[in-house]
Amino acid sequence: MIPSVSRQIAFVQYDDQSSSMTVQYHTGFKASYTNVKQDEYQLIFTSINRYDSLMRLTEAWYMEGQHAQHPAK
């Protein structure tokens, strides 16, 4: 789990069993991404600017047409 990525994002969590990543916003909203490679998550974790790294990954996700799933709160 990566805590406090930004003022908007409370944390980012990765599940290596399902290769999924969950982004938890301070508002309570959650976005889930499937088929995330562990090395992609590690890039966020080790980045100096975690927010920018997360945005690059999620932007690439949308460009590829793999939209985030938004589970109910």
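Going by the structure above, here's the rest.
Residues numbered from 1 in each chain as written. Predicted model: local features only at pLDDT ≥ 70, side-chain atom pairs only at ≥ 80, totals over all residues. Heavy atoms only, no water.

Participant: Give me the overall build of the protein chain: which residues, what numbers.
Facilitator: Across its full length, the protein chain carries 2 helices and 4 strands. Reading the secondary structure of the protein chain in the N-to-C direction produces β-β-β-β-α-α. Sequence separation of 24 or more characterises 40% of the internal contacts of the protein chain that already satisfy a separation of 6 or more. Of the roughly 4900 Å² of accessible surface on the protein chain, 50% is carried by carbon and sulfur atoms. (Helix = DSSP H or I, 4+ residues; strand = E, 2+ residues; numbered from the N terminus. Contact = heavy atoms within 4.5 Å. Areas by Shrake-Rupley, 256 points an atom, 1.4 Å probe, with all protein chains shown as cover.)

Participant: A description of the environment of His-26 should follow, citing residues and the corresponding values.
Facilitator: Within the secondary structure layout, His-26 lies in the loop between strand S3 (20-25) and strand S4 (30-33). When the C-alpha positions of His-26 and Phe-11 are compared, they lie 8.5 Å apart, and in sequence the two are 15 residues distant. With near-sequence residues (within four places) excluded, His-26 lies in contact with Ser-6, Arg-7, Gln-8, Ile-9 and Ala-10.

Participant: An account of unusual backbone geometry is needed here, citing residue identities and associated values.
Facilitator: Of note, Ser-19 is a non-glycine position whose phi angle comes to about 55°, a positive value. Examined against the element boundaries, Ser-19 turns out to sit in the loop between strand S2 (9-15) and S3. Located in the positive-phi region is Asn-35, a residue other than glycine, with phi close to 55°. Following the sequence through the fold, Asn-35 ends up in the loop between S4 and helix H1 (38-46). A relative accessible area of 58% means that Asn-35 is categorised as exposed. (Buried < 20%, exposed > 50% of the residue type's maximum accessible area, 1.4 Å probe, protein only.)

Participant: How would you summarise the nonpolar core if you had to cite specific residues and measurements?
Facilitator: Val-12, Met-21, Val-23 and Leu-54 are the most contacted members of the largest nonpolar core, which totals 14 residues. At the level of secondary structure, the elements contributing two or more residues to this core comprise S2, S3, S4, H1 and helix H2 (50-63). Take this core: its biggest share by element is 3 residues, from S2. Non-local contacts of Met-21, meaning those with residues more than four positions away in its chain, are made with Val-12, Gln-13, Tyr-14, Ala-31, Ser-32, Tyr-33, Val-36, Tyr-41, Ile-44, Leu-54 and Leu-57. (Core = buried A, V, L, I, M, F, W, Y, C linked by side-chain atoms within 4.5 Å.)

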